[in-house]
Amino acid sequence: MTEAASRAVRAGVTAARQSGGAGEWNPALYMKFVAERTRAARDLLGGVPLTEARRVADLGCGPGNSAELLAARFAEAAIVGLDTSEAMLAHARQRVPAARFVRQDIATWSPETPYDLVFANATLQFLPRHETLLPRLFAFVAERGCLAVQMPITLHEASHAAMRLVAAEGPWARRLAPIVRTQPVIAAFEDYYEWLAAAGAKVEVWTTTYVHMLDGVEGVVDWFAGSGLRPFLDPLDEAEREAFLARYREAIADSYAPRADGKVLLPYPRLFIVARR
Ligand SMILES: C[S@@+](CC[C@H](N)C(=O)[O-])C[C@H]1O[C@@H](n2cnc3c(N)ncnc32)[C@H](O)[C@@H]1O
């Protein structure tokens, strides 16, 4: 892991402790690859067939990168970004002053007035029970509106298998067992189709595998330190975190061999769903 990223992980975990809860996000680490991460949000928005929208909700808005795209596309819309991370919300407020940002858990979000667009890029994978969650979110979509969702399909990727392996084999195994057990599981695309079609949606689903060009194995570690590794690192102290990351780096080295120019190619499959009322 690069020194800068390592410092950012330390800062993020300190912030998590100070905020009194595990799971605080680190916008600086997340932003390191913001161009790559935002590409999927742009592609998801590209699949939204609305010509106008008056009310837009960005679920799990993160540092405001997805809300920024929404504000550019729907300049007249009232946009609200929801997130559970104060650090992310603070970043988003600075980045997109035209939108409103609110601390809110998606699991308990229950708006009284429907939205023309409910947008959730790289967020719903953190929530369970998609068979009820997605139809519930679709219920908040206005007539002729849309629910648009993108989630990474990473369960079987070498990057994520290695996270679970390192967590299960280290001295932290007992503490991290609940994290290993509750890793996000994305259902088959047919399931999302069925659940949303049964709720009355016209559904479109597609998958894309992005290939990210990263700076060596360190780049892969940095990428996930800002996202998928967070739940594993949060409960650890500083020395354990360093040890975990060292083992993780070793565990993924064979799967992400550098090319002749030193770059590592990280395949990243993602599932896209657009459900129209
Ligand atoms: C990977 S980031 C995605 C950020 C942004 N939407 C994008 O397109 O890059 C996921 C965000 O979802 C938020 N999040 C995770 N679980 C959440 C929940 N239950 N309710 C609200 N936000 C949540 C996290 O705090 C984080 O900011």
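Residues numbered from 1 in each chain as written. Predicted model: local features only at pLDDT ≥ 70, side-chain atom pairs only at ≥ 80, totals over all residues. Heavy atoms only, no water.

**Observations regarding the side chain of Thr38**
Right, on to step 1. Examined against the element boundaries, Thr38 turns out to sit in helix H3 (residues 34-46).
Right, on to step 2. In this structure Thr38 comes out as buried when scored by relative accessible area, which is 7%.
Right, on to step 3. Polar contacts involving the side chain of Thr38 include one to the side chain of Asn65, which spans 3.1 Å.
Right, on to step 4. Non-local contacts of Thr38, meaning those with residues more than four positions away in its chain, are made with Asn65 and Leu69. (Helix = DSSP H or I, 4+ residues; strand = E, 2+ residues; numbered from the N terminus. Buried < 20%, exposed > 50% of the residue type's maximum accessible area, 1.4 Å probe, protein only. Polar contact = N/O pair within 3.5 Å; in protein donor to acceptor, adjacent residues only side chain to side chain. Contact = heavy atoms within 4.5 Å.)

**As for the nonpolar core**
Right, on to step 1. Judged by nonpolar contacts, the single largest core of 53 residues is most densely connected at Leu117, Phe224, Phe244 and Tyr248.
Right, on to step 2. Residue contacts for Tyr248: discarding those within four places in its chain leaves Ser159, Ala162, Met163, Val166, Val221, Phe224 and Leu229.
Right, on to step 3. Among the nonpolar cores identified, the runner-up in size contains 28 residues, and Leu59, Ala120, Leu127 and Met151 belong to it. (Core = buried A, V, L, I, M, F, W, Y, C linked by side-chain atoms within 4.5 Å.)

**Some words on unusual backbone geometry**
Right, on to step 1. One non-glycine residue with positive phi stands out, namely Arg129, at about 50 degrees.
Right, on to step 2. Counting through the fold element by element, Arg129 comes out in the loop between strand S4 (115-121) and helix H6 (130-138).
Right, on to step 3. For Arg144, which is not a glycine, the phi torsion comes out positive at approximately 65 degrees.
Right, on to step 4. Within the secondary structure, Arg144 is located in strand S5 (residues 141-152).
Right, on to step 5. Residue class for Arg144 comes out exposed when judged on its relative accessible area of 61%.

**So, a negative patch on the surface**
Right, on to step 1. A cluster of acidic residues, Glu131, Glu190, Asp191 and Glu194, forms a negative patch on the protein surface.
Right, on to step 2. With three residues, helix H9 (residues 189-198) is the single largest residue contributor to the negative patch.
Right, on to step 3. Relative to the helices and strands, Asp191 resides in helix H9.
Right, on to step 4. The exposure class assigned to Asp191 is partly exposed, which follows from its relative accessible area of 32%. (Patch = residues over 30% accessible without salt bridge, like charges linked within 9 Å, V, L, I, M, F, W, Y side chains within 5 Å. Areas by Shrake-Rupley, 256 points an atom, 1.4 Å probe, with all protein chains shown as cover. Salt bridge = Lys/Arg side-chain N within 4 Å of Asp/Glu carboxyl O. Lys, Arg positive; Asp, Glu negative; His and termini not counted. Charge placed at Lys NZ, Arg CZ, Asp CG, Glu CD.)

**Observations regarding helix H7 (residues 158-169)**
Right, on to step 1. The end-to-end C-alpha distance of H7 is 16 Å, a good match for the 16 Å that 12 residues give at a rise of 1.5 Å each.
Right, on to step 2. Those residues of H7 not exposed but buried are Ser159, His160, Ala162, Met163, Val166 and Ala167. Looking down the long axis of H7, one finds its buried residues gathered within 155 degrees of arc, a one-sided arrangement.
Right, on to step 3. Buried residues in H7 make contact with helix H8 (173-181), helix H10 (216-225), helix H11 (230-233) and helix H12 (238-253). (Expected span 1.5 Å × (residues − 1). Arc of directions from axis to C-beta.)

**Some remarks on the pattern of salt bridges**
Right, on to step 1. The full count for this structure, using the stated rule, is seven salt bridges.
Right, on to step 2. With a shortest N-O distance of 3.9 Å, Arg93 and Glu86 are connected by a salt bridge.
Right, on to step 3. A residue is classified by how much of its surface remains accessible, and Arg93, at 38% relative accessible area, is partly exposed.
Right, on to step 4. For Glu86, a relative accessible area of 33% corresponds to the partly exposed category.
Right, on to step 5. One salt bridge in this structure joins Glu240 and Arg175, with 2.5 Å as the shortest N-O distance. Residue Glu240 is located in helix H12, and its partner Arg175 is located in helix H8; the two are separated by 65 residues in the primary sequence.
Right, on to step 6. Overlapping salt bridges, with partners in common, bring together Glu86, Arg93 and Arg103 in one network.

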